[in-house]
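# Structure assessment
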Amino acid sequence: MKKLIYAAALTFASITSVSPAWATGVPGDARVPHTVRSAINPNSNRYQSAHFYFTVHVAGRSLSQLVINPPEGIRLSKSIEMTDQSGKKLDATVSLEGGKAIVSLAQPVAPETILEIDMKEIRLPGYSQTWLFTVSSKLEGLNTEIPLGVVRFNPPSSDGSMS
């Protein structure tokens, strides 16, 4: 019985000592790029086309490309724009391959930059649900895609408010 109590106390102590704010999007808080927040902007969940936004905190190395992979049933368009934290639009080309969007930047984005990704004209299925997009990147000096995370988009409730 004592072993069980000691094991529970040790587990509790190790869990409570871990910082809960790993990916806050605050400059200097991480060594790799990561997604920070997301939003969807249809006026109601009855619309077939939507406007999705998400934010990426670039950290560690310069970012040269984003790969956005939507869930099954959602079709992306080439209408994807990226801006930095000052609101400056970044020069990028968008290609669609196998259902995913590849956003290649003309100039790599420096670490400690906050990017806002604005995806327009996204074709949605005719039902309301939570959508999970996977996002990865290519960083300067690396030849492989690095997963940034899953971006979650919650549809608005029937009254148009975000859930």
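Residues numbered from 1 in each chain as written. Predicted model: local features only at pLDDT ≥ 70, side-chain atom pairs only at ≥ 80, totals over all residues. Heavy atoms only, no water.

## So, the overall build of the protein
Scanning the protein from N- to C-terminus turns up one helix and nine strands. Order of helices (α) and strands (β) in the protein, N terminus to C terminus: α-β-β-β-β-β-β-β-β-β. Looking at the protein as a whole, 35% of its 163 residues qualify as buried. A separation threshold of at least 6 residues defines the contact pool for the protein, and within that pool the share at least 24 residues apart is 66%. Accessible area for the protein stands at about 9,700 Å²; split by element, carbon and sulfur atoms hold 54% of it. (Helix = DSSP H or I, 4+ residues; strand = E, 2+ residues; numbered from the N terminus. Buried < 20%, exposed > 50% of the residue type's maximum accessible area, 1.4 Å probe, protein only. Contact = heavy atoms within 4.5 Å. Areas by Shrake-Rupley, 256 points an atom, 1.4 Å probe, with all protein chains shown as cover.)

## Points about the pattern of salt bridges
Summed over the entire model, instances satisfying the criterion amount to three salt bridges. Between glutamate 81 and lysine 89 there is a salt bridge whose closest N-O contact spans 3.6 Å. For lysine 120, the salt bridge goes to aspartate 118, with nearest N and O atoms at 4.0 Å. Put simply, Glu81, Lys89, Asp118 and Lys120 are held in one network by salt bridges that share partners. (Salt bridge = Lys/Arg side-chain N within 4 Å of Asp/Glu carboxyl O.)

## Considerations on the environment of valine 135
Looking at the element boundaries, valine 135 is found in strand S8 (residues 131–139). Given the relative accessible area of 2%, valine 135 is considered buried.

## With respect to the sheet that holds S8
Pairing is antiparallel across the open sheet formed by five strands, whose spatial order is S5-S6-S3-S8-S9. The sheet is open, and its two borders are formed by strand S5 (92–97) and strand S9 (145–153), each paired with just one other strand. Within the sheet, the average angular offset between the axes of one strand and its neighbour, ignoring direction, is 20°. In this structure, strand S3 (residues 63–69) lies alongside S8, joined through six bridges in antiparallel fashion. Bridge pairing in S8 links leucine 66 to serine 137. (Pairing = 2+ DSSP bridges. Axes fitted to C-alpha atoms, helices over the stretch in contact; angles between N-to-C directions.)

## Description of the nonpolar core
Counting 30 residues, the largest nonpolar core has Phe52, Phe54, Ile68, Leu115, Ile117, Met119 and Phe133 as the members making the most contacts within it. Those elements that place two or more of their residues in this core are strand S2 (49–58), S3, strand S4 (80–83), strand S6 (100–109), strand S7 (113–123), S8 and S9. In terms of residue count, S2 provides more of this core than any other element does, five residues in total. (Core = buried A, V, L, I, M, F, W, Y, C linked by side-chain atoms within 4.5 Å.)

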